[in-house]
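Geometric and topological summary
The chain contents come next:
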Amino acid sequence: YSKTFFGRTGLTRFLNALGFRLLGESAMTTRWVALGAYALWVPAVWGVARAFAGPWAAAAATVLAAAWTLPMYAEGMPSWYNLFLASFALLALVRFAGDARRRWLFWAGVAAGASILFKIIGLYGVAAGLLGLAWLEDASRPEAGAGAARGTDAVYRWFIAACALALVALVGGLVGGAMGLQGLVRFALPAASAPLVMAWATRRHTGVPSRDRFRALIEMALPFTLGVAAAVAPFLLLYAFSGALDDLYRGVFVLPQRRLADAAWTGLRSGL
């Protein structure tokens, strides 16, 4: 593989190349590959919905999700794989919340890490997974009574709130800096809703010492981050061995920002 090849590709191309080898070189091949991923994703949607609702409501949610996704635009786009893998990660986190088996955290990390390899916005899935773990840690603690010592977990609560607000600021800076107010309203605010809720939730005092809360969070975050690393590291090694890490950085961080800026400017001129 040449340096130019690695600088312009992602896991989508590897997956489609495998499809071409197995099914033949045709425009339909990428759609068949996406359909296979879609067929695996629909049961995952059912699993997530069933964890929160009864069978009829879960079935309705699954049918709605199945109808309003790939059938609306039947192409093997990286964004579809981001959606599928985010759902797999969510299902694994839901399973962990149910039985507390840490292997689910590892597989959630693998799914979130694989999403990055399809498109860099998979980083949002990793951030969401870490926020979810912080939420699970908080939900496992009963609120301290009126007579409990105050401030014992203040350091932990301030840390989680600061991380959540930093994520809000980062998303706002990335999107707002490239697309202005339109980007903030359409993309940054929806993406920031979960971190804002997490920051709000940290006001709850549990009376558990901060060191115990940090320990519990690390014990959950470690297998998750190991799963992310297990998915991402082999791909990074391919770029490193090809001497294309600079191309990778430019392709997934620099050029997308320029595209967003150009799109925002084009929209502004068309509005004028």
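The preceding data block contains the structure.
Attention in this report is confined to the structure presented alongside it. The structure presented is a predicted model; accordingly, all values stated were derived computationally and were not measured.

1. A closer look at the overall build of the protein chain
Secondary structure assignment for the protein chain yields 10 helices and 0 strands. Beginning at the N terminus, the succession of helices and strands in the protein chain can be written as α-α-α-α-α-α-α-α-α-α. Across the 272 residues in the protein chain, those meeting the buried criterion constitute 37%. Across the protein chain, every contact between residues at least 6 apart in sequence was considered, and the portion connecting residues at least 24 apart equals 75%.

2. What about the packing of aromatic side chains?
Per the stated rule, a full pass over the model turns up 10 aromatic pairs. With centroids separated by 5.3 Å and ring planes inclined at 40 degrees, the aromatic side chains of tryptophan 41 and phenylalanine 84 adopt a geometry described as tilted. Here the residue tryptophan 41 occupies a position in helix α3 (residues 27-52), and phenylalanine 84 occupies one in helix α5 (residues 78-99), the gap between them amounting to 43 residues. Owing to a relative accessible area of 1%, phenylalanine 84 belongs among the buried residues under this scheme. Through pairs of rings, three or more aromatic residues link up here, namely Tyr38, Trp41, Tyr81, Phe84 and Phe118. In this arrangement the basic side chain of arginine 203 is found over the ring face of tryptophan 200, its NZ or CZ atom lying 3.9 Å from the centre.

3. Some remarks on the packing of α5 against helix α7 (residues 122-139)
It is at 10 Å that the axes of α5 and α7 come closest, and there the two elements cross at 15 degrees. Of the possible angle classes, the one that applies to α5 and α7 is roughly parallel. In this structure, α5 meets α7 at a crossing whose hand is right-handed. Note on element contacts: α7 touches α5 through Gly122, Gly129, Leu133 and Leu136, opposite Asn82, Leu93, Phe96 and Ala97. Residues belonging to the contact of α5 with α7 are distributed by class as follows: 5 nonpolar, 3 polar and no charged.

4. Structural notes on the nonpolar core
By size, the foremost hydrophobic cluster in this structure holds 44 residues, and its most contacted members are Tyr81, Phe84, Leu133, Leu217 and Phe224. Residue assignment for this core shows that the elements contributing at least two residues are α3, α5, α6 (103-118), α7, α8 (154-201) and α9 (210-241). Among the elements that make up this core, the one with the highest residue count is α6 (9 residues). What leucine 217 contacts, discounting residues up to four positions off in sequence, is Leu133, Ala134, Glu137, Tyr156 and Ile160.

5. With respect to the packing of helix α2 (residues 11-23) against α3
Between α2 and α3, the shortest axis-to-axis distance is 9 Å and the interhelical angle comes to 110 degrees. With respect to each other, α2 and α3 are oriented roughly perpendicular. Between α2 and α3 the crossing geometry is right-handed. Contacts from Leu15, Asn16, Gly19, Phe20 and Leu23 of α2 reach α3 at Thr29, Thr30, Trp32 and Val33. Considered class by class, the residues forming the contact of α2 with α3 number 5 nonpolar, 4 polar and no charged.

6. Structural notes on the pattern of salt bridges
Scanning all chains against the criterion turns up 9 salt bridges. Among the salt bridges present, the one from aspartate 138 reaches arginine 213, with a minimum N-O distance of 3.0 Å. With aspartate 138 in helix α7 and arginine 213 in helix α9, the pair connects residues that are 75 residues apart, well separated along the chain. Both residues of the pair, aspartate 138 and arginine 213, count as buried. Salt bridges linked by common partners bring Glu137, Asp138, Arg141, Asp153, Arg157, Arg204 and Arg213 together as one network.

7. A few points about unusual backbone geometry
Phi is positive for alanine 100, close to 65 degrees, though the residue is something other than glycine. Relative to the helices and strands, alanine 100 is located in the loop between α5 and α6.

8. Focus on the side chain of threonine 69
Residue placement: threonine 69 occurs in the loop between α4 (55-67) and α5. By relative accessible area, which is 8% here, threonine 69 ends up buried. Among the polar contacts listed, one links the side chain of threonine 69 to the backbone oxygen of alanine 65, at a separation of 2.7 Å. Of the polar contacts made by the side chain of threonine 69, one reaches the backbone oxygen of alanine 66; its length is 3.4 Å. Residues contacting threonine 69, with those up to four places away along its chain left out, are Tyr38, Trp41, Trp80 and Leu83.

9. Side note on α4
A rise of 1.5 Å per residue sets the reference length of α4, with its 13 residues, at 18 Å; its end C-alpha atoms lie 18 Å apart and thus fit the reference within 8%. Among the residues making up α4, those that are buried are Ala58, Thr62 and Ala66. Down the axis of α4, the sector holding all buried residues measures 65 degrees, keeping them to one side. Pointing more than 90 degrees away from the buried face of α4 are the exposed residues Trp56 and Val63.

The rules we used
Residues numbered from 1 in each chain as written. Predicted model: local features only at pLDDT ≥ 70, side-chain atom pairs only at ≥ 80, totals over all residues. Heavy atoms only, no water. Helix = DSSP H or I, 4+ residues; strand = E, 2+ residues; numbered from the N terminus. Buried < 20%, exposed > 50% of the residue type's maximum accessible area, 1.4 Å probe, protein only. Contact = heavy atoms within 4.5 Å. Phe/Tyr/Trp six-rings, centres within 6.5 Å; stacked < 30°, edge-to-face > 60°. Lys NZ or Arg CZ within 6 Å of the ring centre and 35° of its normal. Axes fitted to C-alpha atoms, helices over the stretch in contact; angles between N-to-C directions. Parallel < 35°, antiparallel > 145°, perpendicular 65-115°, else oblique. Left-handed = near helix turned anticlockwise from the far one by under 90°. Nonpolar A, V, L, I, M, F, W, Y, C, P; charged D, E, K, R; others polar. Core = buried A, V, L, I, M, F, W, Y, C linked by side-chain atoms within 4.5 Å. Salt bridge = Lys/Arg side-chain N within 4 Å of Asp/Glu carboxyl O. Polar contact = N/O pair within 3.5 Å; in protein donor to acceptor, adjacent residues only side chain to side chain. Expected span 1.5 Å × (residues − 1). Arc of directions from axis to C-beta.

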